[in-house]
Amino acid sequence: MSKFDPAAAPIPRRRLLAMGGALAGSLGVAGLFPAWARSGTAGIAHASPHATAGSGVLSGAAIALRIGESHFATGGRSSHAVTVNGTLPAPLLRLREGQTVRIAVTNTLAEQTSIHWHGLLVPFHMDGVPGVSFPGIDPGETFTYEFPLTHSGTFWYHSHSGMQEAVGLYGPIVIDPAGPDPLACEREHVLVLSDWSPIHPHEQMRRLKMMSGYFNRQKQDLAGLLAGKDQSLADRLAWGQMRMDATDISDVTGTTYSFLVNGHGTAENWTGLFAPGERVRLRVINASSMTNFNFRIPGLPLKVVAADGNPVQPVETDEVQIAIAETYDFIVEPGEVESYAIVAEALDRSGQVRATLARRMGLAAAVPEIRRRPVLTMRDMGMDMSGMDMGQDGEIDLSKPANESMAGHSMKMRDPAVAPTVKMGPGVATLSPMPVDRLADRPTGLEDVDHRVLTYAELRARDPNPDPRVPSRQIDVHLTANMERYMWSMDGTAMSENPDPIPFRLGERVRVNLVNDTMMPHPIHLHGHFFELVSGEPGNRPRKHTVNVLPGGKVSFDLTADGEGDWAFHCHMLLHMHAGMMRVVTVRRDGEPEERHSGHEGHQGHMGAGEG
Ligand SMILES: [Cu+2]
């Protein structure tokens, strides 16, 4: 009998009570949610996975997942969904560091599928990216993933095939440490944030290609101008001349998305319970396909204790912008208050989702109003003028090529000299003339809020970085686009053009500089590795698997290429990846050729680059 045998585990009394509440409160929809994600949950018991039948929590050495189709409805919108074991979100995998797990994934769809274990360090052929690390799972087939769990933390899993991730195929992973958990607390909740649209992502892409602002209903208008809102007339004319829209913050917005916590919209008010005096750990995962969220619990400070699964030195804050594919662990102490609103607001303020942390079911704190949508600035164009002598009043005359007036600095929006490694063509509309390190910047739209906001620069790893070497070389990777034509690429080349992989030698230490030449943030994810953000003194830099590169910004990370094999490296905005903002990274032993591993050539079309 394994130590995770669910039958042997006692069910805490509070959990039984909560389950009763959940059944009464959510009849009709309960069937689609795994119990851990149902409203009124008491949370997941700490450190011992009580995988009761039907709980939707799967543990142990052998796990079976079935990919299938269901119907999903929320907030008056309904559509077809791709689900795992019949649920959305997918079952919670609760595993333990040091164990080896076998996960058999059966595909009952009519199309190919796959599962990628986001943030887990697994052998590359278990990483689950069709066309890069394995051939994919064909209809009717079962593929068994097998890998050891070498670290603990909060992670998640999702499809890497077609657009399945956008229509429901995602779920949380919690890996408990092999020994006692230093972050132990009285209660834990898992919160999976996501976006849901009845419009299929292929159709979203088609509309965006017709008109890049298709889903943006928050453009500046004449009424706003007359009321003195947003940009001045001069700025509007200048941005218009550059064919830039300062309100173009997100491609797909709340006009088509419902935003969800554990599959529940605001009206369904997902509720996680607590008892007074408890410390509660929230494991928050942004499993959206296209939405960066501002996460906050008004009135309750968030103590950040882990980022992307890795422990950080605790830092207290009031709001965190959680990029797509990132995970954060927070500890909160709700005290004697009866209920708190948990708010995840879309980056562009086109919508939000409210959930509740409460002492009992049926409570709900006031839902804050959605705040004013942000307007982009010159800094988001990679033209940061601060500290430079701008001439009159710090105003820039955008009607002339600015490099005429800015001695020594190219202010053209498309000067190939600033990015010699980028292949220029119709897919590259702009290059950031002066990208700046924005790790210490508050993220887009939170620049001026009157409470604390987490910046990447505040994150320090709890444990010393395992590889203290200074990188022996560095490479630049430009994030490029022609937003008007909805073309997205890296270094000017879309994945569908089959560019050479980015080669690393096994064990080498490399600095990677990501330069964002577009006016959108890009959450960039590297498979199979953690990297250290180059911020603050070396030694305890934050180790992450995904980093959000702000518009016009630059992020450097140091990487020890210790994962032998072929790995995906891409923007985690699903439509950006699909349009081509992706590369393959190869890690080879000295003397071994850099060609990609054989046997996958026939599957190029499945890796999410077919729309380029
Ligand atoms: Cu992107």
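Residues numbered from 1 in each chain as written. Predicted model: local features only at pLDDT ≥ 70, side-chain atom pairs only at ≥ 80, totals over all residues. Heavy atoms only, no water.

Novice: Got a sec to walk through the overall build of the chain? Specific residues and values, please.
Specialist: Secondary structure assignment for the chain yields five helices and 32 strands. Taken across its 612 residues, the chain has 62% of its residues classed as buried. Of all intrachain contacts in the chain linking residues separated by at least 6 positions in sequence, the fraction that spans at least 24 positions is 76%. Just so you have it, the chain exposes about 22,200 Å², and 54% of that area is on carbon and sulfur atoms. (Helix = DSSP H or I, 4+ residues; strand = E, 2+ residues; numbered from the N terminus. Buried < 20%, exposed > 50% of the residue type's maximum accessible area, 1.4 Å probe, protein only. Contact = heavy atoms within 4.5 Å. Areas by Shrake-Rupley, 256 points an atom, 1.4 Å probe, with all protein chains shown as cover.)

Novice: Go over the pattern of salt bridges with me, naming the residues and quoting the values.
Specialist: On inspection of all chains with the given rule, the structure shows 32 salt bridges. When the shortest N-O distance is used, the salt bridge between R281 and D329 registers 2.7 Å. You can see R281 sitting in strand β13 (residues 280–286) and its partner D329 sitting in strand β18 (residues 327–332), a full 48 residues away along the chain. With relative accessibility at 4%, the residue R281 sits in the buried group. Here D329 falls in the buried class, since its relative accessible area comes to 1%. Between R469 and D467 there is a salt bridge, with its nearest N and O atoms 2.7 Å apart. Looking at D467, the relative accessible area reads 12%, which means it is buried. A single network of salt bridges, built from pairs that share partners, joins R94, D176, D181, E188, R281, R283 and D329. (Salt bridge = Lys/Arg side-chain N within 4 Å of Asp/Glu carboxyl O.)

Novice: If you had to explain the environment of P499 to someone new, which residues and values would you point to?
Specialist: Locating P499 in the fold gives a position in the loop between β23 (487–490) and β24 (502–505). What P499 contacts, discounting residues up to four positions off in sequence, is T493, A494 and R583.

Novice: So what's going on with the coordination of the copper ion? Residues and values would help.
Specialist: Looking at the metal site, the copper ion is ligated by H522 (ND1), C571 (SG) and H576 (ND1), spaced 2.0 to 2.1 Å from it. Each donor residue of the copper ion lies on the same chain, and together they follow the pattern H-x48-C-x4-H. Here the two residues C571 and H576 agree in accessibility, since each one is buried. (Donors = N, O, S within 2.8 Å, 3.2 Å for Na, K, Ca; no water.)

Novice: Which residues make up the packing of aromatic side chains, and what values go with them?
Specialist: Pairs of aromatic rings are described using the distance from one ring centre to the other and the angle between the two planes. For the structure shown, the criterion picks out 15 aromatic pairs. Their ring planes at 55° and their centres at 6.0 Å tell us that Y257 and F259 sit as a pair that is tilted. You can call Y257 buried: its relative accessible area is 4%. Residue class for F259 comes out buried when judged on its relative accessible area of 6%. With centroids separated by 5.5 Å and ring planes inclined at 85°, the aromatic side chains of F259 and F293 adopt a geometry described as edge-to-face. Pair noted here: F259 is in strand β11 (residues 258–261) and F293 is in strand β14 (residues 293–296), with a separation of 34 residues, a long-range link. For F293, a relative accessible area of 0% translates into the label buried. Chaining the aromatic ring pairs together yields one cluster made of W117, F134, F143, Y145, F147 and Y157. (Phe/Tyr/Trp six-rings, centres within 6.5 Å; stacked < 30°, edge-to-face > 60°.)

Novice: So what's going on with the nonpolar core? Residues and values would help.
Specialist: One finds F295, Y328, F330, F504 and F569 to be the most contacted residues of the largest nonpolar core, which totals 108 residues. Ranked by the residues each element gives to this core, the list is headed by strand β10 (residues 187–196), at five residues. Beyond its immediate chain neighbours, meaning those up to four positions away, F330 contacts V280, R281, L282, V284, F295, L302, K303, V304, V305, V320 and I322. Membership of the second largest hydrophobic core comes to 29 residues, among which are L109, F134, Y145 and F147. (Core = buried A, V, L, I, M, F, W, Y, C linked by side-chain atoms within 4.5 Å.)

Novice: Kindly report on the sheet that holds strand β4 (residues 92–96), identifying the contributing residues and their values.
Specialist: Pairing between the strands of a sheet comes from backbone hydrogen bonds, and it takes one of two forms, parallel or antiparallel. Spatially, five strands are ordered β1-β4-β9-β8-β6 in an open sheet, and the strand pairing comes out mixed. The open sheet has two edge strands, β1 (57–58) and β6 (116–118), and neither has a second partner. (Pairing = 2+ DSSP bridges.)

Novice: How would you sum up empty space enclosed by the protein? Please name residues and give values.
Specialist: One pass over the full model with this rule turns up nine cavities of 30 Å³ or more. Considered as a void within the structure, the largest cavity measures approximately 170 Å³ in volume. If you trace the largest cavity, you find 15 residues lining it, with D441, P443, L454, T455 and Y456 closest to the centre. Going through the elements one at a time, β17 (319–322) and β29 (546–549) are the ones with two or more residues in the lining of the largest cavity. For the lining of the largest cavity, the class distribution of residues is nine nonpolar, three polar and three charged. (1 Å grid on protein atoms, 1.4 Å probe; cavity = no way out; pocket = protein on both sides within 12 Å on 5 of 7 lines; lining within 4 Å. Points joined across faces, edges and corners; volume = space filled by probe spheres on them. Nonpolar A, V, L, I, M, F, W, Y, C, P; charged D, E, K, R; others polar.)

Novice: Which residues make up the pairing of β14, and what values do they have?
Specialist: The two faces of the sheet receive side chains in turn, since in a regular strand these alternate between them. Because side chains alternate across β14, one face comprises the buried residues F293 and F295, and the other comprises N294 and R296, equally buried. Relative to β17, β14 runs antiparallel, the two sharing four bridges. Bridged to F295 within β17 is V320. Strand direction decides the pairing type here: β14 and strand β19 (residues 339–346), joined by four bridges, are antiparallel. Residue N294 lies in a different strand from β19, and its bridge partner there is E345.

Novice: Please give an account of the sheet that holds β14 that cites residues and values.
Specialist: Here we have five strands laid out as an open sheet, ordered β12-β20-β19-β14-β17, and mixed in their pairing. At either margin of the open sheet sits one strand with a lone partner, and together these are β12 (271–273) and β17. Each adjacent strand pair in this sheet contributes to an overall mean axis angle of 20°, direction not counted. (Axes fitted to C-alpha atoms, helices over the stretch in contact; angles between N-to-C directions.)

Novice: Just give me the short version of the confidence of the model for the chain, but keep the residues and values in it.
Specialist: Residues at a pLDDT of 70 or more form 84% of the chain, whose mean pLDDT is 84. Within the model, the stretch residues 387–410 combines pLDDT values under 50 with 26 contacts to residues more than four positions away or in other chains. Counting contacts from residues 599–612, a segment whose pLDDT is below 50, to residues more than four positions away or on other chains yields 33 contacts. (pLDDT = per-residue confidence, 0-100.)

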